[in-house]
Amino acid sequence: MALRDQLRILVVDDMSTSRGLITQALETIGIRNITTASDGQGALKSIKASPVHIVVSDYNMPGMDGLALLHALRQGPKTKGVGFLLITGRADRAIIEHGRKLGMNNYLKKPFEAADLKSAIEAMVGRL
Amino acid sequence: MSDAMQEIRASFFVECEELLESLQDGLQAMQDGATDTETVNIVFRAVHSIKGGAGAFGLDQLVMFAHSFETVMDELRAGRITADDNLLALFFQCGDLLLDLVRAARDDTELSEDQLAPVLKQLGEAVDLEPEDEEVDPAEFTPMALSLDLPGLDDMADLAEVGPPATPRYHIRFSPQHDLYTSGNEPLFLLRALRDFGQAQITCVVGDVPLIDKYDQAQNLLTWNIELESDVGEDMIREVFDFVDGLCKLSIEPMPQTGTDVLAPTLPDLDPPSAEDALPPLDTAPVDPAEPDPPAPEAETTEPAPPSKPASATTESGKSGGNSTAPKPTVRVDLERIDRLVNLVGELVINQSMLSQSVALSGLSGNSQIAAGLDEFQQLTRDIQDSVMMIRAQPVKSLFQRMARIVRESASDVGKTVRLRTEGESTEIDKTVIERLADPLTHMIRNAVDHGLESTEKRLEAGKPAEGRVNLTASHRSGRVVIEVSDDGGGINRPKVKSIAEEKGLIPPDQTMSDSDIDNLLFMPGFSTASEISNLSGRGVGMDVVKNAISSLGGRITIVSDPGKGTTFSISLPLTLAVLDGMVVRVGTETLVVPLSAISETLSLRAGDSRTLGPNTQVVPVRDSFVPLIDLGTELGYIAPRESYEGAIVLLISQENGDRAAMVVDAIEDQRQVVIKGLQDSYGHVPGVAAATILGDGQIALILDPIDLLTNASGRSRTETAPSAEPETAEVHP
C-alpha cells in the first residue's frame, strides 16, 4: 500500500474556497483520507475525534491563527507529533521563524499547484 | 478547468461577496471610531483572503489590486500609519473597487486601467515606501521530517481504538409542583419523551410520601431523578419541559464523561508569542467539554432549580471560539429550486382551499373526521408556506451596503460631506423585493444627497453641522416592511414645487392645496424638480418612476417634510410577493379580495349612520370621527349607488398616513390566505387592482389595492365634481 493511500490529513482554513482548493489538490496527488475544519478550535476537536498524520493549515484565520493551532497541537500529548504544514499568503520572516520555533514541519506559499503541495508533503514524509 | 474547480471558483465569488460585506462592516466600524486591532484585522483578512483565492484562479488584476490594498492595511495593522478620514475614505473607495473587480472577474472581464490607476496611486502614497519584502527565501527553511512517518501509521490502530467520543450524559432532576397536575399535565409523557432521546435511567424519589392518613393531595411529594445518555443536546432536553415551565422544579446537569479522553490536547493559556508577529491575543477555551459539576446530591429535597441556564451551558457557547461568534451552518441552494418550491406551495394552498370548499359543500358535519383532518391540513399548509417564504427572505443589509456606496459617490460628485446612518439592517424581506428595490432606492438616496441636503454653506448659515445626514432604516410594522430614507436638509420647498407644477400644467393655477398634496406632486409624471439638471438625479428618472416601481412590488411610498428640518420618504412593502391574507368579499355579482393588512375593522351601518357632506360625499361616524364612505360597487362600476346605506357592511380601511375610509361591500364571504397571481405582465398596472388569485372553487378573483382605490376615488371626487344626479358613473375604470 502506497503511503498516499494511508496518510490521513486534516485541512484547516476559514475560507471554504481555500478548503476546497487544498482538498482538491490533495485528491489530485492521491490522498484519500482528508478531513476539514474551518477554524483552529474545530481542528482540535476534529483531530480528537479522528486522528491524522498531517495538519495542513492556513496561517491567516480569525480567532486562532495557524501558528496558534500549531502551538496548541504541540501541547497535547497525543497531538504533539502530528505533522504540520502551514499554508501562507506571505512567507514573512517573522511568521516562518516563529513557526520554526514552534515545530512547524514545512510551509507552502499561496498560490500553489498540486505538484507544489506534493513536494511540500514529500519533504515531510518521503515519497507518496 | 475541471468541474470540481469550476464549482470551487463559483463558490469563491460567493465567498468574496461575504468577505466584502464584513470588510464594509469593518470599515464602517472604523469610521465610527473603532480602533481595536480585531476590527483592522477583519478588514485585512477579508482583503488577504480575496487575494489568496484570486491567486489560485489566476485573477491577476484582482490579486494586484488586493495586494496594494493589503499592503496599506498591513501598515495600518502594524501601527505605522493611522486611519484618518482621508485614509478611511480611500479604504472605502478601495472596498468599492474590490467589489467591482470581483464582479468583473466573475464575468471573466477586467476593469480598465483608468479606473484603478488613481486609487493605486493614492494607495502608493499612503505608505511611505513599498515595504521591503521581508519574505524568507525558501532555501532558508529546512523542512522537518515527520517523526511519526511509518510508525505513526502503526499508531493509527491505537488511536482508532479510542473510538468516537462518549455520548454526553445528563443528570435531570424533575420535581413537579401541584399546579402541574391540576393544569392537566402528565409527568409520564415527559418522562417518555426523555426516554426517546436515548438511554435513560429513571428513578422516582418516594421517601417523602407519608402514610395515607397524613396524605395531603394538594402537596407535591414526588421527584424524579433521570440519568440520560443522549447527544440531542441540553436545549432539546429543556424543550421537553417547555410546557411545564414554572410548574416544576427542574435541574439539568451534564455528568462527567466516563469515556476515555486521552487524545484531548490540553490547551494551556497561550502567551501571545511576540508583539511584532501581531498575533491576535488568544482567549481560547479548552476544547474538551468543561468539567461539569457533580450531579446534585440525591438526599436534598428542596433544592431550587438553577436559574434559566446552568453554568455548563454558558461554557458550551463560549467553547465555539474566541472572539468571533461561530456562523450558523448554511446550505447554498440554487434559487430556481426555491422558486419551484414556492410555486408548488402556492398550488398546494389553492388545492387545499378547493378541498376545504368541496368538503364544506358536501354537507359533512363540522366535527367529522374529515373536517378535523382538513383543519390540521390547513394549519400545516400555512406553516409550510411560512417556512418556504422564510427561505426566500434575506436581510436588507446587502442592499443598505450598496446604498452606502451611492452616498459616498454622490456626495463626492456634488461636493457635500454626507454621512449615512443605517438601522435595521437585519430586517428580512423577500429576495425579489430586495433586488427590485435597488434602483428606486438608489434614486431616492441620490435625490436626498443632491436635493434633500443643502450646500455646506447653507447648512452652516442655518446653524446646522456641515456634515449632512442621510438615514436609511428598515423595520417591521404590522406585517409589512417599512423602509425610510430621511435627510436633515431643508425640507421640500413647497412654493417652488407648486409653481413648477403650475408651470408644467400639472395643476390648475391658484388651486388651494394642503402641504401633503403639494409634497405628493413630486410623484406626478412629468414633474422634475431640478431647475438645473445636475449630474446626479437628472438621469431622466423622476419620482413617478420610483413610485411605480414601489407599487409594482405591492408597496406604497409617502413623504413627510418639515421645512428647515428635512424630508422623510417611507416605503411600505409586503413581506412576500407570493401570498397574502385577504378578506373575500362580494360586490354585486363579483367576488373580490381585499388585503387584510389594509382593513382595520369591519362594521355594519345602522339607520341614519351615513350623512351627506357636500354634493356627493357621504360620511359615516366611526367612534369619535367621521370617515368618508366609498361604495366599492359603484366605484368599480359594478352596480349603481344605493338609496340607503342602512345595514350596509363596510370595511374600515386605514392608510399609512392615518387617513381612513369606509368601503361598502355587499357581503363578507371568507377570510383566507390567497396566492397572488400577478396581472402586470398581461394587463400592466390597473389602478385599484393589485393582482388576482384563484379561489377555492376555481373562480378567479381580483385582489384590490384599496389604498390606491381610495386615493384615486377621493382625488377624482374633488377635482371633477360629478353632477349629483348621476353621481359616480363617470368614475368607472377604463
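Residues numbered from 1 in each chain as written. Chains lettered and ligands numbered in written order. Predicted model: local features only at pLDDT ≥ 70, side-chain atom pairs only at ≥ 80, totals over all residues. Heavy atoms only, no water.

Undergrad: So what exactly am I meant to see when it comes to the overall build of chain B here?
TA: Across its full length, chain B holds 21 helices and 22 strands. Looking at the 734 residues of chain B, the share that counts as buried comes to 42%. Counted over contacts in chain B with a minimum sequence separation of 6, partners at least 24 positions apart contribute 70%. In the structure as shown, chain B presents an accessible area of about 39100 Å², 52% of it carried by carbon and sulfur atoms. (Helix = DSSP H or I, 4+ residues; strand = E, 2+ residues; numbered from the N terminus. Buried < 20%, exposed > 50% of the residue type's maximum accessible area, 1.4 Å probe, protein only. Contact = heavy atoms within 4.5 Å. Areas by Shrake-Rupley, 256 points an atom, 1.4 Å probe, with all protein chains shown as cover.)

Undergrad: In this structure, what is going on with the overall build of chain A? I would like to understand it.
TA: Counting secondary structure elements, chain A contains six helices and five strands. Ordered by position from the N terminus, the helices and strands of chain A form the series α-β-α-β-α-β-α-β-α-β-α. Within chain A, the fraction of its 128 residues that count as buried is 66%. Relative to all contacts within chain A whose residues are 6 or more apart in sequence, the contacts with residues 24 or more apart total 62%. On chain A, roughly 4300 Å² of surface is accessible, and the fraction owed to carbon and sulfur atoms is 46%.

Undergrad: Honestly, empty space enclosed by the protein in this entry has me stumped. Any pointers?
TA: If you roll a probe as big as a water molecule over the atoms, it shows you where there is empty space left. Residues and elements named next belong to chain B. Summed over all chains, the structure comprises two cavities of 30 Å³ or more. Volume-wise, the second largest cavity comes out at about 40 Å³. For the second largest cavity, the full set of lining residues is V349, I350, S353, R672, Q673, V674, V675, T693, I694 and L695. Residue assignment for the lining of the second largest cavity shows that the elements contributing at least two residues are α11 (335-361), β20 (667-675) and β21 (689-694). A per-element tally of the lining of the second largest cavity places β20 first, with four residues. The two domains that each donate at least three residues to the lining of the second largest cavity are domain 3 (335-394) and domain 5 (579-731). (1 Å grid on protein atoms, 1.4 Å probe; cavity = no way out; pocket = protein on both sides within 12 Å on 5 of 7 lines; lining within 4 Å. Points joined across faces, edges and corners; volume = space filled by probe spheres on them. Domains from an automatic or database assignment.)

Undergrad: Please explain the pattern of salt bridges as it appears in this structure.
TA: Between side chains of opposite charge, a pair can form as their charged atoms come close. Residues and elements named next belong to chain B. Taken as a whole and assessed by the stated rule, the structure comprises 39 salt bridges over all chains. For the salt bridge of E75 with R80, the shortest nitrogen-to-oxygen distance reads 3.0 Å. Relative accessible area serves as the criterion here: at 10%, E75 is assigned to the buried category. Notably, a salt bridge pairs R238 with E234, separated by 3.4 Å at the nearest N-O pair. Of the two residues, R238 and E234 both sit in helix α9 (residues 234-240), four residues apart, roughly one turn of that helix. Residue E234 is classed as buried on the basis of its relative accessible area, which comes to 12%. (Salt bridge = Lys/Arg side-chain N within 4 Å of Asp/Glu carboxyl O.)

Undergrad: What is the right way to read the packing of aromatic side chains from this model?
TA: In this description, a pair of aromatic rings is defined by centroid distance and the angle of the planes. In this structure the tally under the stated criterion is seven aromatic pairs over all chains. Where Y107 of chain A meets F141 of chain B, the ring centres are 5.4 Å apart and the plane angle is 75 degrees; that geometry is what we call edge-to-face. On the criterion of chain membership, the pair formed by Y107 of chain A in strand β5 (residues 106-109) and F141 of chain B in the loop between α5 (113-126) and α6 (151-162) is interchain, its members lying in two chains. With centroids separated by 5.6 Å and ring planes inclined at 35 degrees, the aromatic side chains of F69 of chain B and F91 of chain B adopt a geometry described as tilted. In this pair, F69 of chain B sits in helix α3 (residues 60-77) while F91 of chain B sits in helix α4 (residues 85-106), placing the two residues 22 residues apart along the sequence. (Phe/Tyr/Trp six-rings, centres within 6.5 Å; stacked < 30°, edge-to-face > 60°.)

Undergrad: Is there a simple way to explain the packing of helix α3 (residues 40-49) of chain A against helix α4 (residues 66-75) of chain A in this structure?
TA: The angle between the axes and the distance between the axes are what describe a pair of packed helices. Residue and element names in this part refer to chain A. At a minimum axis distance of 10 Å, the contact between α3 and α4 shows a crossing angle of 30 degrees. On the basis of their axis angle, the class for α3 and α4 is roughly parallel. When you trace α3 past α4, the crossing you get is right-handed. Every residue of α4 that contacts α3 at G40, A43, L44 and I47 is listed here: L69, A72 and L73. Among the residues forming the contact of α3 with α4, the class breakdown is six nonpolar, one polar and no charged. (Axes fitted to C-alpha atoms, helices over the stretch in contact; angles between N-to-C directions. Parallel < 35°, antiparallel > 145°, perpendicular 65-115°, else oblique. Left-handed = near helix turned anticlockwise from the far one by under 90°. Nonpolar A, V, L, I, M, F, W, Y, C, P; charged D, E, K, R; others polar.)

Undergrad: Explain the confidence of the model for chain A to me, please; I cannot follow it from the model alone.
TA: For chain A, per-residue confidence averages 91 on the pLDDT scale, and residues scoring 70 or more make up 99% of the total. Mean pLDDT across the elements of chain A bottoms out in helix α1 (residues 3-6) of chain A (86) and peaks in strand β3 (residues 54-58) of chain A (96). (pLDDT = per-residue confidence, 0-100.)

Undergrad: Please explain the sheet that holds strand β4 (residues 248-255) of chain B as it appears in this structure.
TA: Across a sheet, paired strands are connected by hydrogen bonds in the backbone, their directions being either parallel or antiparallel. Residue and element names in this part refer to chain B. Strands sit in the order β2-β3-β1-β4 across an open sheet of four strands; the sheet is antiparallel. Lying at the two open borders of the sheet, with one neighbouring strand each, are β2 (199-205) and β4. Ignoring strand direction, the axes of neighbouring strands in this sheet form an average angle of 15 degrees. Bridge count between β2 and strand β3 (residues 223-229): seven bridges; the pairing is antiparallel. Within the sheet, the bridge partner assigned to T203 lies in β3 and is N225. (Pairing = 2+ DSSP bridges.)

Undergrad: I'm lost on helix α2 (residues 37-56) of chain B in this one. Help?
TA: All names here are of chain B. With 20 residues, α2 ought to run about 28 Å at 1.5 Å a step, and its terminal C-alpha atoms sit 28 Å apart, in line with that. Across the 20 residues of α2, 17 count as buried, placing the element largely inside the fold. Downstream of α2 by one or two residues, G58 has phi in the positive range, about 65 degrees. (Expected span 1.5 Å × (residues − 1).)

Undergrad: Mind showing me how you'd approach a negative patch on the surface here?
TA: On the surface, a cluster of negative charge is contributed by D60, E110, E113 and D114 of chain B. Looking at where E113 of chain B falls in the secondary structure, it is placed in helix α5. (Patch = residues over 30% accessible without salt bridge, like charges linked within 9 Å, V, L, I, M, F, W, Y side chains within 5 Å. Lys, Arg positive; Asp, Glu negative; His and termini not counted. Charge placed at Lys NZ, Arg CZ, Asp CG, Glu CD.)

Undergrad: Sorry if this is basic, but what is going on with the pairing of strand β13 (residues 590-595) of chain B here?
TA: Strand residues, when the strand is regular, have side chains that alternate between the two faces of the sheet. Residues and elements named next belong to chain B. Counting buried residues along β13, five of its six residues qualify, which places the element largely inside the surrounding structure. Of the strand pairs in this sheet, strand β12 (residues 579-587) and β13 are connected by six bridges, and their pairing is antiparallel. Paired with V584 across the strands is V593, a residue of β13. In this antiparallel pair of consecutive strands, β12 and β13, the connection spans two residues, and G588 shows a positive phi of 60 degrees.

Undergrad: For this particular structure, what's the right way to read the sheet that holds strand β15 (residues 611-613) of chain B?
TA: Residues and elements named next belong to chain B. An order of β14-β18-β19-β17-β16-β15 is seen for the six strands of this open sheet, with the pairing classed as mixed. Each end of this open sheet is capped by a strand with a single partner; those strands are β14 (599-604) and β15. Each strand of the sheet is rotated relative to its neighbour by a mean of 40 degrees, with strand direction disregarded. With three bridges connecting them, strand β17 (residues 625-631) and strand β19 (residues 660-665) associate as parallel partners. Its bridge partner being in β19, I630 is matched across the sheet by M663.

Undergrad: Help me out: how do you make sense of a nonpolar patch on the surface in this one?
TA: A cluster of nonpolar side chains, namely V206, V209, I212 and Y215 of chain B, defines an oily patch on the protein surface of about 420 Å² accessible area. With respect to the secondary-structure elements, I212 of chain B resides in the loop between β2 and β3.

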